[in-house]
Each structure stands twice: as C-alpha cells, then as structure tokens.
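Fold and contact review
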Amino acid sequence: MYRSHTCGELRSEHIDQTVKLAGWVQRTRNLGGMTFIDLRDRYGVTQLAFSMEQNADLCEKARKMGREFVIQIEGKVIERSSKNDNIPTGAVEISVYSLNVLSKSEVPPFTIEDDTDGGEELRMKYRYLDLRRNPLKNNMMLRHKLAIETRKYLDGQGFLEIETPYLIKSTPEGARDFVVPSRMHEGQFYALPQSPQTFKQLLMVSGYDKYFQIVRCFRDEDLRADRQPEFTQIDCEMTFVDREDVLNTFEGLTKSLFQNTIDVQLPDFKRMTYDDAMRLYGSDKPDLRFGMQFIELNDLSQNKGFKVFDSAELVVGICAKGCANYSRKDLDKLTDFVKRPQIGAKGMVWVKYNEDGSVKSAVDKFYSEEDLKTMLEKADAQPGDLLLILSGETNHTRKAMNELRLEMGNRLGLRDPKKFVPLWVVDFPLLEWDEETERYHAMHHPFTSPIDEDMEMITSAPEKVRANAYDMVINGVEIGGGSIRIHDNELQQKMFDALGFTKEEAQKQFGFLLDAFKYGAPPHGGIAFGFDRLAALAGGRDNIREFIAFPKNNAGRDLMIDSPSTVSKDQLEELHLKIEEKKEE
Ligand code: ASP
C-alpha cells in the first residue's frame, strides 16, 4: 500500500491515527530544530514535521529532499501548533516516523507554484510540470466536470453518444483541411474532419433521432490567440425539430452546465436578430453585460456643413456614462485607439455633456449647442456623460465602433468575468460574398437551410436570403452555432449551385449526402459548442490553451514533443511522397 490517505484528506478528526502518504515535495523548510515539508498531490497539500530531537537521522534526511522529489512517508497525525486556515488540511500535520524516496527530481525549470516564474513557452515545453500547478489542475478539473455534466444532461434527454471517423474527406466548415496521405492508396489522401457535420446528418437519416459527441475537430487555419488547430466540440443533432426546439434544448444544457459546474444561475437567453446585433452593437457576438448601444446620428448630424459626416454612409455614436470629465489626453488616447490599423477609423468626434449642463465638442464650429443637445438627447445622455462618434462606410464603422464600445466597457469596468449574459443571435445571412474568389460562401455551411419565406430570393437576390441558423453568445464570445438543415435533395442541389459548385463537383464531394437524402431524410437540425472556449469562459479566462492539457502554441507547434517534425525517407517512400528541395531565392 503506497498510501492510506491523499494529501488533501486529513483533518482534526484524524488526529492520533497512523497514516501513510505519498506525493511530491512542494517545499522544504529547515528551521534548525524542526524541518517541515509540504507534501503535494492532486488533492492538496499536507505538512510533514521532522524533529531533530526525536529523530536526528530522519530529520537530516528530510532536509535533503529537493523540490518535486516523490516521497512516501509514514507517521502520526498531530494537531498543528500554528494552524493554517488557508488550506483544508491546515489544522494538522504529520509527525513522520519513516521516509522513503520513490523518485528524485532535478530542479524544475520553473517554480511549481500558483504564481510561477516560468514564461509561457518554457511552461509549454515542460507541460507535464506546468500541469502540476493548481491553476491548470483546476482548469482540467473544470473541463472534466463540464464533459461529465454534458453527458449526464444529454443522456437524460435521450441523446445517444456516437463516434464518427477521423479519417474522412473534406468537410466544408470554411477552413483548410489537414490531410493524411494514404500508404495503401498511392496518391490519395484522407482529410481530418473540420467537424462531424455530414456524419451527424447521416445519423439522422439513419433514424437515430438525437445524437451527440464530445469530439475533436481539425482546422488548418492561421492561428489567433484563441484558436487551436485541433479543438473539441460538443456536437449535437436532432430530428423532427424546428429552431425553437433546438434553442430550448441547448439553452437547457447550458443553464444546467453553469449551474452544476460553477454554481451560476444563467438568466433566460435573449434573442436578437443578426441585423439588430450589427446595427446596435456592430458585432454578431455582442457582449450584453453592458448597454452602450449604438445610436445612429445621420439625421441629426448631416447637412450642417461638417464634410466628414456629410460624406459618411453612417454616423454612429455611443454614450459613455460619467466620462464628460475625460481630459484632452484621455480623448487623444481613445482617438489613437480607434485609428490603430487593426481598427482603422479615420478619427473620432466627441461631445461632452458637462455636469453644469453646458456642452463642449470638437466640432463646435459646425454645430450649435442646440444641435449637439439633440444628439445627446437621442443618445439618452445625462449631464456628466460623453458621446463618442465615428463615421464612414457602414460595416467598417460598425466594426470600429464595436471595438470602441468594448474598450469603453473595459475602462468602465463593465465586463465583469463573474457575470454571464447569454443570448441567441438568429437569422444570419445565408450567404456572404467573397471579394477574393468572387463567389458566394455559405456563412455557416452549405447544409444550412434558408428561412422558408426568403426562399424565392435564392436566385434573384441571394445575399438577402436569411438562414435558419443561430449562434449562442455569452459575454461577447461565440460559444456555439448551428442551424436547421436542408433535408431535401433538390434544395441542397440549389444551394450548391448558389455556391458556384458544378453538379459534378457537388456529386464528387458530397454525393453520399445527396444520395442519402433520396432514401427518406427527416427534417433535422443541430448545433456544436466550442468546448475549449466554454471551459475557458466558465473558468473566467480568455486563453483556451489553459484549458487544454497538451495544446499547441500560436505557431501550431507542440513545443513539448517538438511537432510537427520531419519523417524518415522510408516513411515518405511508403507514402509515395517526395519533398522538393527548397530552391534558393
Ligand atoms: N458543424 C458546425 C460547426 O462546426 C456546427 C453545426 O452546424 O452543427 O460549426
């Protein structure tokens, strides 16, 4: 028996018991007559006490225990003279009789403490050490709990967990595929699934009615801070449902997850159309923890001689509560913020509604006090508030204003990570025009059904057609997305036409699905949640890497196992592949 208890288990009621513990040395403190070791395992930390007086040899031995040594001890639980209320085992310590070193450790490359001295790259190289730290351990535990609770809830609702293959062919989620060369079929390749989309639809054709899977997906995208080339989804599909059924089911799942993992009761989910989200927040994933809705000011600001506004397609403002006291410097900083290339506004106009009721603005020249006051009124500004205005091409300006709104939300402390405000964004456009390829792309994916009443526009005005698609958004983060699917062969074919696929291309890539639809395809719809991101949100963090045991870095590398890496000539040959020497430029 290695141990009788874990390092997180012992309390006052265990006093006088003889116990065996095993774990890692967190730290050793040599106080002359006494030596203390903090012994750590997954469950907690227990203090071990060694006394020179009682057993000098053992105490000397204890002093030699370095950080991260793995040891086993036997001893008696005794009351601690100075109790530590910060840890659950803080009332007791172990008076040790015997100590056995199970494994030595080199000095770790960074301290295994909650606040470590290691940079992220170093910690990723030694991920197995980083995972010993409490913050990561707690994240892994939260992730586990979310997965278990997901399974419990969906099982309770009659969902079946069914696995789908990883070696498949292209799925159109809009990213590049990772491909795997086939040894047995020269010149042919598998693709790793960007999602199990087509398989889950086939399971509906097979009559499985409710499917889910916690599943890895692979997308070869340029990585941003919150992206990973492989990531996990809670993937779901249901038969004989309309949009309301899907939204209600997964609102239920999400509420239950938050309740049972982090003890948060989510409010009922608001619904917002894509158009409203863009008009009022400039984003299809608005952060509704705070208001600061956009106020369109074209009618009040144009034709007064201010050319910048006159020539703009959109003049739009937000009201920053209590910010009329911003200094020139504060305002310059905000202007610099919106002018950054990533945001791209040309400038920013401000109107101060001073506490004394007077008005001050950068554009006083063009507008009377009355003009400015009508704008302030429309923005529902009170004395003490500040109106910030951007103008220009509509989409561009909305995007920039979204950034400014979020920045002001941060500055005013309105984005509390402990507060959660969920909503459904619905009625996305079905298609979006891609300037580069000069063709339409499915905004969600090509299996998404158009809204019935918009159907007739699919050939005449495709960009106006709304999709029966929805996203779940919490605190400005897209947590999940899905749609009611096309289940009709002809409509699916029309959709492929609209996307510029030839009949042959569509047949070659998705013939199996089109064929399946010939044999009694039921109406169906579903959703997929970004599981890593859900965990990060519930854990109150931005970075999904902290919720993945073995993540890749920003360049898509696993620094620990050093991958991707080259393979041997033999392997290449077997796979019928040749690497071309890079030509000197
Ligand atoms: N397959 C979709 C995705 O990965 C989700 C869905 O439509 O169910 O985004």
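For the structure, check the block above.
The structure contained in this document is the topic of the report that follows. In this convention, every chain numbers its residues from 1, walking through the sequence in written order. Where totals are concerned, whole chains, interfaces and linings use all residues; where local detail is concerned, this predicted model gives features only for residues with pLDDT of at least 70, and gives and counts side-chain atom pairs only at 80 or more. Hydrogens and water molecules were not included; the side-chain quantities draw on all heavy atoms of the structure.

A short note on the pairing of strand E13 (residues 314-320)
Going by this rule: Only protein chains enter the calculation, and the probe is 1.4 Å; a residue is then buried if its accessible area is under 20% of its type maximum, exposed if over 50%, and partly exposed in between. Starting at the N terminus, helices and strands are each numbered in turn, a helix being any DSSP run of H or I of at least four residues and a strand any DSSP run of E of at least two. Think of it this way: DSSP has to see at least two bridges between two strands before they count as a pair.
A large share of E13 lies buried, amounting to seven of its seven residues. Alternating residues of E13 divide into Leu-314, Val-316, Ile-318 and Ala-320 and Val-315, Gly-317 and Cys-319, and every residue in both groups is buried. Alignment of strand E12 (residues 295-296) against E13, held across two bridges, turns out to be antiparallel. Bridge pairing in E13 places Glu-296 opposite Val-316. Relative to strand E16 (residues 386-392), E13 is paired through seven bridges, and the arrangement is antiparallel.

Topic: the sheet that holds strand E9 (residues 210-218)
Our working definition: In what follows, residue pairs with any heavy atoms lying within 4.5 Å of each other are defined as contacts. Axis angles are defined between N-to-C directions and span 0 to 180 degrees, where every axis is a line fitted to C-alpha atoms and, for a helix, only to the segment in contact.
Reading across from one edge, E6-E9-E10-E22-E21-E20-E17-E11 is the order of the eight strands in this open sheet, with mixed pairing throughout. Edge strands, defined here as strands with exactly one partner in the open sheet, are strand E6 (160-161) and strand E11 (270-273). Pairing between strand E21 (residues 477-484) and strand E22 (residues 524-530): five bridges, direction antiparallel. Following the sheet pairing, Ile-484 is matched in E22 by Gly-525. Sheet strands in contact with helix H7 (residues 274-281) are E11 and strand E17 (422-426), and its direction is about 85 degrees off that of E11.

A few points about the site of the ligand
As a reminder, the rule being used: Near residues are defined by distance, with any heavy atom within 4 Å of the molecule or strand qualifying the residue. Here a polar contact means two N or O atoms within 3.5 Å. Within protein one must be a hydrogen donor candidate and the other an acceptor candidate, and residues neighboring in sequence count only if both atoms are side-chain atoms. Each accessible area value is a Shrake-Rupley result obtained with a 1.4 Å probe; residue values ignore everything except the protein chains displayed when judging cover.
Taken together, the neighbourhood of the ligand is formed by 14 residues, with Glu-173, Gln-197, Lys-200, His-444 and Arg-485 sitting nearest. Arg-219 has a polar side-chain atom sitting 3.0 Å from an oxygen atom of the ligand. With respect to the ligand, the side chain of Arg-485 contributes an N or O atom lying 2.7 Å from an oxygen atom. When isolated, the ligand has an accessible area of 270 Å², and the protein chains bury 92% of it. Sort the elements by how many residues they give to the shell around the ligand and E22 lands first, with three residues.

Side note on the packing of helix H5 (residues 197-205) against helix H15 (residues 503-516)
Heads up, the rule is: Angles below 35 degrees are treated as roughly parallel, those above 145 as roughly antiparallel, those between 65 and 115 as roughly perpendicular, and all remaining angles as oblique. Two helices crossing with the near one rotated counterclockwise from the far one by less than a right angle form a left-handed crossing, whereas a clockwise rotation gives a right-handed crossing.
At a minimum axis separation of 10 Å, H5 and H15 run at an interaxial angle of 20 degrees. Taken together, the axes of H5 and H15 are roughly parallel relative to one another. The way H5 lies across H15 gives a crossing that is left-handed. Contact with H5, carried on its side by Thr-198, Gln-201, Leu-202 and Val-205, involves Phe-510, Phe-512, Leu-513 and Ala-516 of H15 and no other residues of that element.

As for the side chain of Arg-398
Along the polypeptide, Arg-398 turns up in helix H12 (residues 394-411). Relative accessible area serves as the criterion here: at 15%, Arg-398 is assigned to the buried category. In this structure Arg-398 touches Met-278, Arg-279, Gly-282, Phe-294, Glu-296 and Leu-314, once residues within four positions along its chain are discounted.

A look at H15
Spelled out, the test is: By this rule the span expected of a helix is its residue count minus one, scaled by 1.5 Å. Two axes enter the bend calculation: one fitted to the seven residues ending at the residue in question, the other to the seven starting there, and the bend is the angle between them.
The end-to-end C-alpha distance of H15, which contains 14 residues, comes to just 16 Å, noticeably less than the 20 Å that a straight helix rising 1.5 Å per residue would cover. Roughly 90 degrees is the biggest bend found in H15, and it falls at Phe-510. If you check which residues of H15 are buried, you get Ala-506, Phe-510, Gly-511, Leu-513, Leu-514 and Ala-516. Lining the buried residues of H15 we find H5 and helix H14 (489-498).

The quantities given are spatial measurements derived from coordinates; they are silent on function.
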